[in-house]
Amino acid sequence: MSRAPHSRAPHPQRRRRPRAPAPLLPPRLPPLPTLCAVACAVACAVACAVACDDAPPAAPAGAGAAAGTPAGAGAAAGTPAGAGAPAGAERPAGATPPPEGLLIPGLSAVVETRFDELGAPHITCATELDCFAAQGYWHAAHRFVQMDINRCFPQGRLGERVGALALNADRGSRLVFARRDGGRIEEQMWAASSPESRAMLEAYARGVNAWLADLRAGRNGARLSEEYSFPLFSARLIEDWAPQDSLSVALVLIQQLTEESAAQVTRGQRLADLGPALYHDLYGALPAFPTAVLTGAEGVGATAPAAQPKGEARDALRARLRAADAAAARLAPARAALAAAAAALPAKPLGAAFGSNSWVVSPGRSASGKALLSNDPHLGLSNPSVWYLAHLKSADGLNAQGVSLPGLPSVVIGHNEHIAWGMTTTYFDFSDVYVEALSPSGEGVMLEGREVPFTRVSDSYTLTDTPAGATGERLYVPHHGPVLSVDRAAGVALTLRWTAQDADTDVNFLHALPRASSLDEARVALRAITTIGQNVVVADDQGRIGWYPYNRLPSRPWASPALDPSLPLPGQGEAEWGAPLPYEDLPQLTNPPLGLIATANHDLTGAFADGDPTNDLTGPGRALQEAPDPGYRYSQIMRLLDRPAPHTPESLLAVLHDRESLLARRLLPRALSLIDAAALDDDGRRLLSALAPGGAAWGYGCPAGVTKDEAATPVASAAERADAAACLAFHALYGQALKLVFRDELAAVNPAARRVAGLEALARLLARPGDLANGEAYWDDVSTPDVAEAAGQTLARAANAAGALLRGALGERAEGWLWGKLHTASLAANLLSNAGIQTFNHGPFPNDGGLYTVDVADPASMSEGDFTQGSGASMRLVCELTSPPRCSVEVPGGQRHFRDDPRYDDLLRLWLSRTSTPLPYAESDVEARATERATHRPAP
């Protein structure tokens, strides 16, 4: 994902107004024809949007004149209706005087909500359904634009908000977010949901619709956020919330975490263009330092280059590459179809850094004798933030607290009285792209020698700016799924098979998991999951810990280098999915002897240690992953957790906040030992001086080195400034080396292509050159055939280039090259941000961390000198399983998406400073920290 340069950062305590709606996640908009064509039209509207910035937001059809800002509303309309301050507590500055009359149809009794100083609602009710209804009301009151965009996106109805400009995006959404016959996935999910889950979704919808009724009637301070005043947006077609709308919101998350068609198409293009050897070396799956969840602490302490492979290993590599020739040959005729699909599908650059950490610690390693849990899911940094804090407590047994997703009922990650749970992405292989052979008639495809006709689905689109609307048609191959592209001249088509096409019972876990009272009950609840792509770690108050990456994965017994599932596959029958793997056969752990379980999106089983996961198709290895993280974060987590001293919540927070670059610790000494000092110029020598400040070795820490405000003032600590300069110098050196070392080989294949090798390619070359097909030949510049460059000369050129880059950006004094001056985080209003409009983002803010640090803060494109950060910890959670559990949280944003509300971005300041706030859970704590109150009553 490309990121435009950012302006200076505002002070975190100043409120900078958001200018556009932000989806639940960075929603890879759109899944087919992109919004790039929309950017110009959007830009034309920006000036008007800014000029009209203070106009009240539009209300939906039927709303009274006071729907946007009711009479008597104060500066923070959108604070909870009925809010009041308990004795000894203060209402936040700017809070609205309390309107009255909060009603929700179907409530069994009065529902009380107390808001703490974080803006988190603590909802107390007679039944869980009453709690879900109130949760729906507050989600809508504070985050409706987020919910609205995220139901419209997968349903292919963005045109009902922004008109014909979204038509191509809507066509793509309807194509991809569908069953293999073109029907709606939500329908089969609803049909498979348990009665309890359906009741949960229905209750939640009643709450959302109660808020919409208040909005339309101009009651209780209900208003739309200012996105709806933007000229592109219309509230005219906002309709009531249906229970199935929540399932649509879930599909946005599911697609982000499991659907990899864009990456598979891109890999297919690269293999066809580069051939097996170059593709394997630059984009392959071989980690420089192998580690795996199932192998525990094995390999995490490696700091030296791995041993060179023996002849037998080289022979195995050559055999794999010969087999991969078949895949390259098969893909060559499909180049045009691949290009057409690549141009349409959302970009997800290969080699981009990954995120999410979680771990559980057994009582034997805990100072309190209680289990501990930590989790920080890494997603796009969005405005509003991904998560909404909530605590649901009912008299019939629900008492769950944590983070929820606006649009979905319940708690997604968090704890109850007996268990805590966290999630990270598995990178299991949930999707395959197929290269189909068109039938002789061109009206279908061939499967096992017989013709299978296309399934055709007709659509109509309602567009807010086009009374006549629009129509369209989608094509599906019944045994695979949507047709992504067709090349009739070559007689091929590309299709997508995705496990979400068969998703059904997933929502049931949202009802069952928050009620689980033990590890065993949690494990049963997780068996409802089919396609959320998550490693789930659980700890209970009995001291048990476990890891269960339960998902419905297809078996692929045919997988091999010739039939590599990470690449487009032949669609004529030789690579069809087998029966799903039994959950008992998936990799998992319960109470391991080590007393620790950590996951960080890396290799789960050890299958990637040799770069070929297809030669481990037995036992847990049958659960194939696709392009997992190389494992630096996991190794650093385990290095910090596996210690003699017992752990506390504070020590777990220290691990979450760890900003040491293990990548640099492992690779920089080797790189510095190779650099030819005679080939350095002034810029190169200046760069090396930053890497060894004062002649001392850098400690590999990555602090910002500046204050996290718009001034970005250098901090007082000389040691921290030195670390910040060294961190920036390392990232610049790594990026320039990545470009200079491999650019010549890529240019030799296609001079016009702007390709950059995968991030791990340089690490492999430094640590395991003997495992590469072309070995250390990459140090030589093939564009200069008369000169044979050695590693030292090429790395010196990279140091010179990196030094020149930083001198141009920050001046000649290396001590002023502070990481936080270039490494900044922004919260993106993704819908317009992805269309090229940056005006609506919040930020940038200088930030700590770097590439593959545990406190993840991966730069956008080091090789292009872009060190900005667009993704990171969407929240940070630590829990100690005392009775009741004690948890703390950090969230990059505020609860209420109204720029004039005190809760708009108050939590962001805490997130930036790594200040963790305890979550009040016990009744006495909830009451003591209550700052606002509201009461819902049953509607007559």
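Residues numbered from 1 in each chain as written. Predicted model: local features only at pLDDT ≥ 70, side-chain atom pairs only at ≥ 80, totals over all residues. Heavy atoms only, no water.

**What about the side chain of Asn601?**
- Along the chain, Asn601 falls in the loop between β22 (596–599) and α14 (632–641).
- By relative accessible area, Asn601 is classed as buried at 1%.
- Within polar-contact distance, the side chain of Asn601 engages the side chain of Arg633 at 2.9 Å. (Helix = DSSP H or I, 4+ residues; strand = E, 2+ residues; numbered from the N terminus. Buried < 20%, exposed > 50% of the residue type's maximum accessible area, 1.4 Å probe, protein only. Polar contact = N/O pair within 3.5 Å; in protein donor to acceptor, adjacent residues only side chain to side chain.)

**Describing the state of the cysteines**
- The full count for this structure, using the stated rule, is 3 disulfides.
- Between the sulfur atoms of Cys125 and its disulfide mate Cys131 the distance is 1.7 Å. Classification of the bridge connecting Cys125 and Cys131 rests on its S-S torsion, roughly -75°, and on that basis the disulfide is left-handed. When sorted by exposure, Cys125 lands in the same class as Cys131, which is buried.
- The disulfide that involves Cys702 links it to Cys727, with 2.2 Å between the sulfurs. Across the S-S bond linking Cys702 and Cys727, the dihedral sits near 95°, which makes this disulfide right-handed. Here Cys702, found in the loop between α17 (682–691) and α18 (718–749), pairs with Cys727, found in helix α18; they are 25 residues apart in sequence, far enough to count as distant. Considered together, Cys702 and Cys727 belong to a single accessibility category, that of buried residues. (Disulfide = S-S within 2.5 Å.)

**Comments concerning the environment of Arg174**
- Following the sequence through the fold, Arg174 ends up in helix α4 (residues 167–176).
- If we ignore the near neighbours within four places in the chain, the residues touching Arg174 are Gln155, Gly156, Arg157, Arg184, Asp459, Ser460, Tyr461, Arg474 and Tyr476. (Contact = heavy atoms within 4.5 Å.)

**Let's talk about the sheet that holds strand β16 (residues 481–487)**
- Within the open sheet, the 6 strands sit side by side as β14-β15-β16-β17-β11-β20. Their pairing is mixed. What marks the edges here is a single partner per strand, and that holds for β14 (455–463) and β20 (569–570).
- Packed on one face of the sheet, α4 meets β14, β15 (466–477), β16 and β17 (492–498) and runs near 35° to β15. (Pairing = 2+ DSSP bridges. Axes fitted to C-alpha atoms, helices over the stretch in contact; angles between N-to-C directions.)

**Examining the confidence of the model for the chain**
- Scored by pLDDT, the chain comes out at a mean of 88, with 86% of its residues at no less than 70.
- In the predicted structure, residues 347–353 sits below a pLDDT of 50 and forms 15 contacts with residues beyond four places in sequence or in another chain. (pLDDT = per-residue confidence, 0-100.)

**Some thoughts on the sheet that holds β22**
- Taken together, 6 strands build an open sheet; the order of strands is β22-β4-β5-β26-β27-β28 and the sheet is antiparallel. Edge positions in the open sheet fall to β22 and β28 (917–918), since each of these has one partner strand only.
- Inspection of the sheet shows strand β27 (residues 886–890) paired to β28 by 2 bridges, in the antiparallel sense. In the strand pairing of β28, Ser888 is matched with Pro918.
- Against the sheet, helix α15 (residues 649–656) contacts β4 (357–361), β5 (372–376), β26 (876–880) and β27, and its axis sits at roughly 160° relative to β26.

**Focus: the pattern of salt bridges**
- For the structure shown, the criterion picks out 55 salt bridges.
- Taking the shortest distance from any N to any O, the salt bridge between Asp502 and Arg180 comes out at 3.0 Å. In this pair, Asp502 sits in the loop between β17 and α12 (508–512) while Arg180 sits in the loop between α4 and α5 (185–192), placing the two residues 322 residues apart along the sequence.
- Classification of Asp502 by relative accessible area gives partly exposed; the value is 25%.
- The partner of Arg876 in a salt bridge is Asp855, with the nearest N and O atoms 3.3 Å apart. Placement of Arg876 in strand β26 and of Asp855 in the loop between β24 (842–846) and β25 (871–873) is noted, with a sequence separation of 21 residues between them. For the pair shown, Arg876 and Asp855 are each scored as buried.
- Within the structure, one salt-bridge network assembled from shared partners comprises Asp148, Arg151, Arg157, Glu160, Arg161, Glu239 and Asp245. (Salt bridge = Lys/Arg side-chain N within 4 Å of Asp/Glu carboxyl O.)

**Let's talk about the pairing of strand β12 (residues 444–447)**
- Relative to strand β13 (residues 450–453), β12 runs antiparallel, the two being bridged by 4 bridges. Paired with Met446 across the bridge in β13 is Glu451.
- In this antiparallel pair of consecutive strands, β12 and β13, the connection spans 2 residues, and Glu448 shows a positive phi of 50°.

**Some words on the nonpolar core**
- Trp211, Trp698 and Phe742 are the most contacted members of the largest nonpolar core, which has 208 residues in total.
- Per-element accounting of this core gives the leading share, 15 residues, to α18.
- Aside from chain neighbours lying at most four places away, what touches Trp698 is Ala664, Leu668, Leu691, Asp723, Ala726, Cys727 and Phe730.
- With 17 residues, the next largest nonpolar core counts Val300, Ala598, Tyr634 and Val655 among its residues. (Core = buried A, V, L, I, M, F, W, Y, C linked by side-chain atoms within 4.5 Å.)

**Overview of helix α20 (residues 791–810)**
- Taking 1.5 Å as the rise per residue, α20 with 20 residues should run 28 Å; its terminal C-alpha atoms sit 28 Å apart, in good agreement.
- For α20, the complete set of buried residues consists of Ala791, Gly792, Thr794, Leu795, Ala796, Ala798, Ala799, Asn800, Ala802, Gly803 and Leu806.
- Buried-residue contacts for α20 involve α16 (662–674), α17, α18 and α21 (819–822). (Expected span 1.5 Å × (residues − 1).)

**As for helix α8 (residues 261–274)**
- Under the 1.5 Å per step criterion, the end-to-end length of α8 is 20 Å for 14 residues, consistent within 8% with the ideal 20 Å.
- The buried fraction of α8 amounts to 11 of the 14 residues, a majority that puts the element mostly inside the structure.
- Looking one or two residues past α8, Gly275 carries a phi angle of roughly 85°, positive in sign.

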